[in-house]
Amino acid sequence: MEQSRNLAQLVALLLGLLGCLGALARDSEFQHHRYEDMVRAMFAVQNECPYIARIYSIGRSVEGRHLYVLEFSDNPGIHEALEPEFKYVGNMHGNEVLGRELLIQLCAFLCQEYRAGNHRIQRLIHDTRIHILPSMNPDGYEVAARQGPEFNGYLVGRGNAREMDLNRNFPDLNALMYYYEKTSGRNHHLPLPDNWEQQVEPETMAVIKWMQNYNFVLSANLHGGAVVANYPFDKSRDPRIRGRVTSAASPDDKIFKKLAKAYSYAHSWMHEGWNCGDYFEEGITNGASWYSLSKGMQDFNYLSTNCFEITLELSCDKFPPESALPREWLGNREALVSYIEQVHHGIKGMVYGENNNPIGNAEVAVSGINHDVTS
């Protein structure tokens, strides 16, 4: 009798577990997630992996939608010494939707693989604090989604509800940096304009405050319309001359190229170079040598914080059909994980004074690289 009762309890437990996994799989399956679907999928992951996953909101969009982040850590909600902070940002342009779907899939994948005992994923979550924002522009997405993949225009839903391009909405620190290069001024953590909060959209402000509250070390933002890993600087130092391409290398150009290649070569086809009718050698490009833009998020990360960010263009089609999503996931899955692992390369440590007291806001300089970091 006792054995029968234990067996029945075990069967019930297994059925319950399978039911949870089934709900998680349904919520993250290959489909286009409208806002409510995305939120449901994120909470399904948190409910399935409550000890390693935590949802929090960094703010609201113009139309009041939460900008939800899903965090993965062995101690969610806690910054641990020597454990680097990493972030992925998707759907900054509302009609560039593949990144949004890949990040929803990535959340489910991390949870499922952790539970399945995947040592690589377990080590990554134990040693890293990972933050995933699937949609920075949920309002723009809803505009694009109402048209759907078959009819979506090249610009419809790109901006937020006020039709502002969020990747042209950050304070322009490049101009200040290029001035300081000529006058031996600051080379990092550049000051923001006094009235910057009045110049940016709610979504942009939320992301800036997010950067200020978490000491991110590495980041990528996911876009569509090309297939290439783009690295700083995005803004050219010199006026564009017709017929001449000008690169704008950052002081950490070698590191950025390495980071871009880490994604490109782990991707199934990005590194081949020929995609969408364009050719990018090794699947990477300096932003300004492709086309120059001002007030972008990628450069802002590097000039305002300790965070190194690249921009990942992941699909020729900005709004690919659902039938293309499984192939895109398989093409990007290894790259998404490998890129997070790059955060553990290099040097990490603590800064102490003579009496072994930790020193905050210590500036750390590397000889030959004109870009310091702050502890």
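Residues numbered from 1 in each chain as written. Predicted model: local features only at pLDDT ≥ 70, side-chain atom pairs only at ≥ 80, totals over all residues. Heavy atoms only, no water.

Colleague: For the nonpolar core, give the residues involved together with the corresponding values.
Modeller: Residues Phe 72, Tyr 88, Leu 106 and Trp 210 are the most contacted members of the largest nonpolar core, which totals 89 residues. The greatest single-element share of this core, amounting to 11 residues, is contributed by helix α3 (residues 98-115). Contacts of Tyr 88, omitting those with residues within four sequence positions, involve Leu 103, Leu 106, His 131, Ile 132, Leu 133, Ala 220, Leu 222, Tyr 263, Ala 335, Leu 336, Tyr 339 and Ile 340. In terms of nonpolar packing, the next biggest core, distinct from the first, is built from 5 residues, Val 97, Tyr 141, Ala 145 and Phe 319 among them. (Core = buried A, V, L, I, M, F, W, Y, C linked by side-chain atoms within 4.5 Å. Buried < 20%, exposed > 50% of the residue type's maximum accessible area, 1.4 Å probe, protein only. Helix = DSSP H or I, 4+ residues; strand = E, 2+ residues; numbered from the N terminus. Contact = heavy atoms within 4.5 Å.)

Colleague: Outline the confidence of the model for the protein chain, listing residues and values.
Modeller: Overall, the predicted model of the protein chain reaches an average pLDDT of 91, with 90% of residues at or above 70. A low-confidence stretch, residues 7-23 stays under pLDDT 50, and its non-local contacts, those more than four residues away or across chains, total 4 contacts. (pLDDT = per-residue confidence, 0-100.)

Colleague: Tell me about the layout of surface pockets, residues and numbers included.
Modeller: Within this model, the largest pocket holds a volume of roughly 1400 Å³. Along its surface, the largest pocket is lined by 37 residues, and Val 217, Ile 347, Lys 348, Gly 349 and Val 373 are the ones closest to its centre. The element contributing the most residues to the lining of the largest pocket is strand β12 (residues 369-374), with 5 residues. For the lining of the largest pocket, a count of residues per class yields 18 nonpolar, 13 polar and 6 charged. (1 Å grid on protein atoms, 1.4 Å probe; cavity = no way out; pocket = protein on both sides within 12 Å on 5 of 7 lines; lining within 4 Å. Points joined across faces, edges and corners; volume = space filled by probe spheres on them. Nonpolar A, V, L, I, M, F, W, Y, C, P; charged D, E, K, R; others polar.)

Colleague: So, the environment of Arg 120: which residues are in play, and what are the values?
Modeller: Examined against the element boundaries, Arg 120 turns out to sit in helix α4 (residues 119-127). In this structure Arg 120 comes out as partly exposed when scored by relative accessible area, which is 28%. Taking C-alpha positions, Arg 120 is 9.5 Å from Val 337, a pair spaced 217 residues apart along the chain. Sequence-distant contacts of Arg 120, that is, excluding residues within four places in its chain, are made with Glu 334, Val 337, Ser 338 and Glu 341. A polar atom in the side chain of Arg 120 sits 2.9 Å from the side chain of Glu 334. (Polar contact = N/O pair within 3.5 Å; in protein donor to acceptor, adjacent residues only side chain to side chain.)

Colleague: Kindly report on the packing of helix α6 (residues 173-183) against helix α11 (residues 297-304), identifying the contributing residues and their values.
Modeller: Two elements in contact, α6 and α11, have axes whose closest approach is 9 Å; the angle formed by their N-to-C orientations is 50°. Judged by the angle between their axes, α6 and α11 are oblique. The way α6 lies across α11 gives a crossing that is left-handed. In this structure, α6 contributes Leu 173, Asn 174 and Met 177 to the contact, and α11 contributes Asp 299, Phe 300, Leu 303 and Ser 304. Class assignment for the residues of the contact of α6 with α11 results in 4 nonpolar, 2 polar and 1 charged. (Axes fitted to C-alpha atoms, helices over the stretch in contact; angles between N-to-C directions. Parallel < 35°, antiparallel > 145°, perpendicular 65-115°, else oblique. Left-handed = near helix turned anticlockwise from the far one by under 90°.)

Colleague: So what's going on with a nonpolar patch on the surface? Residues and values would help.
Modeller: A grouping of Leu 82, Met 350 and Tyr 352 is seen on the molecular surface, where their side chains present a nonpolar patch of about 310 Å² in accessible area. Mapping Leu 82 onto the fold places it in the loop between β2 (66-72) and β3 (85-90). (Patch = residues over 30% accessible without salt bridge, like charges linked within 9 Å, V, L, I, M, F, W, Y side chains within 5 Å. Areas by Shrake-Rupley, 256 points an atom, 1.4 Å probe, with all protein chains shown as cover. Salt bridge = Lys/Arg side-chain N within 4 Å of Asp/Glu carboxyl O.)

Colleague: Let's hear about the environment of Gln 147: which residues, and what values?
Modeller: As for its placement among the helices and strands, Gln 147 is situated in helix α5 (residues 138-147). Using a relative accessible area of 33% as the deciding quantity, one classes Gln 147 as partly exposed.

Colleague: Quick one: what's the story with helix α12 (residues 325-341), residue by residue and with numbers?
Modeller: End to end, α12 covers 24 Å across 17 residues, agreeing with the expected 24 Å (1.5 Å per residue, within 8%). Among all positions of α12, only Leu 325, Glu 328, Trp 329, Gly 331, Asn 332, Ala 335, Leu 336, Val 337, Ser 338, Tyr 339 and Ile 340 are buried. (Expected span 1.5 Å × (residues − 1).)

Colleague: Outline the pairing of strand β6 (residues 226-231), listing residues and values.
Modeller: Counting buried residues in β6 gives 6 out of 6 residues, a clear majority hidden from the surface. Here β6 shows two buried faces, one formed by Ala 226, Val 228 and Asn 230 and the other by Val 227, Ala 229 and Tyr 231. Summarising the sheet, β6 and strand β10 (residues 308-315) pair through 5 bridges and their orientation is antiparallel. In the strand pairing of β10, Ala 226 is matched with Ser 315. Relative to strand β9 (residues 284-286), β6 is paired through 3 bridges, and the arrangement is parallel. Directly across from Tyr 231, in β9, lies its bridge partner Asn 286. (Pairing = 2+ DSSP bridges.)

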